[in-house]
Amino acid sequence: MRKFDTKVQYLKYKVLREVAKEAWADRLPQSLLDIPKVIIPGKVPTMRCCVYKERAIVSERIKLAMGGNKENPNVIEVIDIACDECPIGGYEVTNACRGCLANRCEDVCKFGAIVFDHNHVAHIDKSKCKECGACSKVCPYSAIRNFKRPCETACKIKAISMGEENQACINNDKCISCGACVYACPFGAINDKSFILDVVDILKEGKKNNEFKVYAIVAPSISSQFSYAKLGQVITGLRELGFHTVIEAALGADMVAKSESQELAEKGFLTSSCCPAFVMFIDKYYPELKPLVSHNYSPMTAISKYIKEHEKNAKIIFIGPCTAKKMEFQREEVKPYVDSVLTFEELQALFDSKAIDITLLEENLLDNASYFGRIFARSGGLSDAVAEALKEQNIDFDLKPCACDGIEECKLALLKKKNGKLDANFIEGMACVGGCIGGAGCLTHGEKNKAEVDKYGREAFEKTIEDALAILQ
């Protein structure tokens, strides 16, 4: 029974689990020095040059598990000491170079960065190279390759560069907190801050105060996670942790689909506002298009606002796959409604910190939303839901959606809109490939997750959006 895609995720989880375990028992901060020895026992290194470095890195992971650097507004941070195993990167001449006479690489380089040894084999002078890639394009043997670091390759908006000591550096002015670099880093040197301690405090307070209710708002992508158990057992596990009620964020998606379809018909063109990383991308890279962003809250905020307005003394924890949600809930307009955010990785750590084996639990029903609200979790689902909402409300509007699967497709659609060349009137923007099911905070990633979300949608008792929203009347 394996719960994670990679060993990096497993290491991150173990730190979160131990920090949460100590928090439940009120042993923090005095027990902090013991946690690295629990994670890295013995004296034989398993990942690094020595156990002392391994434990030093674990200590940095503990800081992130406890909220990270408070002076850094970004939820994505680099553990400098862990970021030392990747090559410098950039363009390199491989052993495929034949030392040819044409020297096209030298001719095309405008910066004099190509030099040759006594065997006429080309080399690149890194002090002169501007990484334009011209030499790679003209090499007849494809001998010049760009060896980018995994984090740089994953970051499609070029927010990652190399520092003075060759560690990854994140430009917060460019970063949209999507977490692609977090999942891509094979050494776990880039991580998202955790608010797991805040959640533990809220749950402990909820158990002490009978008038105090803690709500778990779970993203529909949960249907593709915790594959070793049944979804109903996960819901029971949340109640075992101390959550009073578990509600689908998909019900908020139904709310958004209805109101967003109305706004679209009124304005004639919209971009979606559900994905916080996509909205942040527009804010930073296409500010002139900000007026086109839907004024609707995200599903998380929409359903949380409804609960806070109808339930006294409620605290709300959103649980999903998204690192950018950790930025969203801190925005001034969202703060009153969402108290904290957990990823699925962190939820697994919470279960195990309380020794809750969800496979042994009975199943609880989770049924608040429609099929259309649930399929928000995958790319194209929002567009389908808006089409359904238009149909159910008898709104005469010719919907032409552009469903963008990943930030590169978002970039292309926004550029076309900016230049007046987009043949669409609704942009569904999903920063993660596949949609929410591709989020950095998922336990597992893969094509099968889409099928699981669609299956979960078909299991909804409420077959229309209006059916789902009827319970809110």
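**Q** How should I be thinking about the state of the cysteines in this particular structure?
**A** Such a bond, covalent and formed between the sulfur atoms of two cysteines, is termed a disulfide. According to the stated counting rule, one finds 0 disulfides in the structure shown. Cysteine Cys105 remains unbridged, with the sulfur of Cys100 as its closest cysteine sulfur at 6.5 Å. Accessibility expressed as a relative area gives 10% for Cys105, which makes it buried. As a non-bridged cysteine, Cys139 has Cys97 as the owner of its nearest cysteine sulfur, 6.5 Å distant.

**Q** What should I look at first to understand the sheet that holds strand 15 (residues 426-430) in this one?
**A** Think of a sheet as strands paired side by side through backbone hydrogen bonds, with each pair either parallel or antiparallel. Taken in spatial order, the 3 strands line up as 11-15-14 in an open sheet, and their pairing is parallel. The open sheet has two edge strands with one neighbour each: strand 11 (270-271) and strand 14 (401-405). As paired strands, strand 14 and strand 15 are joined by 5 bridges and run parallel to one another. If you follow Ala403 over to strand 15, its bridge partner there is Glu428.

**Q** Even after reading the chapter, I still don't get helix 10 (residues 249-267), so can you show me in this structure?
**A** The α-helix winds at 3.6 residues per turn, so residues separated by three or four positions along the chain end up facing the same way. In this model helix 10 runs 26 Å from its N-terminal to its C-terminal C-alpha over 19 residues, within 8% of the 27 Å that 1.5 Å per residue would give. Three or more residues of helix 10 are buried, namely Ala249, Ala250, Leu251, Gly252, Ala253, Asp254, Val256, Ala257, Glu260, Ser261, Glu263 and Leu264. The first or second residue beyond helix 10 is Gly268, which carries a positive phi of 90 degrees.

**Q** Any chance you could explain the nonpolar core here in plain terms?
**A** For soluble globular proteins, the rule of thumb is that nonpolar side chains tend to be buried together. The biggest cluster of nonpolar side chains holds 137 residues, and the ones touching the most others in it are Phe226, Leu238, Leu241 and Ile319. The biggest single contributor to this core is helix 1 (residues 7-24), with 8 residues. Not counting residues within four places of it along the chain, the set of residues in contact with Leu241 comprises Trp24, Leu203, Lys207, Leu347, Leu350, Phe351, Lys354 and Ile356. If you look at the next biggest cluster of nonpolar residues, it comprises 12 residues, including Tyr91, Ile114, Ile124 and Cys135.

**Q** What's the story with the sheet that holds strand 13 (residues 340-343) in this structure? I'm lost.
**A** Taking strand neighbours across the sheet as the criterion, the 4 strands line up as 10-9-12-13 in an open arrangement whose pairing is parallel. The strands lining the two open edges of the sheet, one partner per strand, are strand 10 (245-248) and strand 13. Here the strands of the sheet are splayed against their neighbours by 25 degrees on average, with no regard to which way each runs. Bridge analysis of strand 9 (residues 213-218) against strand 12 (residues 314-320) gives 6 bridges, and the strand direction is parallel. What sits directly across from Val218, in strand 12, is Ile319. Lying on the sheet, helix 9 (residues 231-241) is in contact with strand 9, strand 10 and strand 12; it crosses strand 10 at an angle near 140 degrees. Helix 12 (residues 299-310) rests against strand 9, strand 10, strand 12 and strand 13 of the sheet, and its axis sits at about 160 degrees to strand 12.

**Q** Would you mind showing me how to read unusual backbone geometry here?
**A** If a residue is not glycine, its phi is most likely negative; likewise, a peptide bond is most likely trans. Looking along the chain, the bond that leaves Leu28 and enters Pro29 is cis, with omega of 5 degrees. With a phi angle near 55 degrees, Glu131 is a residue other than glycine that sits in the positive phi range. In this fold, Glu131 is placed in the loop between strand 4 (122-124) and helix 5 (134-138). The partly exposed category is assigned to Glu131, whose relative accessible area is 44%. Unusually for a residue other than glycine, Ala355 sits at a positive phi of about 55 degrees. Looking at the secondary structure, you find Ala355 in the loop between helix 14 (344-353) and helix 15 (371-374). Classification of Ala355 as exposed rests on a relative accessible area of 70%.

**Q** What exactly am I supposed to notice about the packing of aromatic side chains here?
**A** The geometry of an aromatic ring pair is captured by two quantities: the separation of the ring centres and the angle between the planes. Summed over all chains, the structure comprises 10 aromatic pairs. Ring centres 6.1 Å apart and planes at 85 degrees place the aromatic pair Phe226 and Phe344 in the edge-to-face group. Taken together, the positions of Phe226 in the loop between strand 9 and helix 9 and Phe344 in helix 14 put the pair 118 residues apart, joining distant regions of the chain. Both residues of the pair, Phe226 and Phe344, belong to the buried class. Members of the aromatic cluster, each reached through a chain of ring pairs, are Phe4, Tyr10 and Tyr13.

Rules and cut-offs
- Residues numbered from 1 in each chain as written.
- Predicted model: local features only at pLDDT ≥ 70, side-chain atom pairs only at ≥ 80, totals over all residues.
- Heavy atoms only, no water.
- Disulfide = S-S within 2.5 Å.
- Buried < 20%, exposed > 50% of the residue type's maximum accessible area, 1.4 Å probe, protein only.
- Pairing = 2+ DSSP bridges.
- Helix = DSSP H or I, 4+ residues; strand = E, 2+ residues; numbered from the N terminus.
- Expected span 1.5 Å × (residues − 1).
- Core = buried A, V, L, I, M, F, W, Y, C linked by side-chain atoms within 4.5 Å.
- Contact = heavy atoms within 4.5 Å.
- Axes fitted to C-alpha atoms, helices over the stretch in contact; angles between N-to-C directions.
- Phe/Tyr/Trp six-rings, centres within 6.5 Å; stacked < 30°, edge-to-face > 60°.

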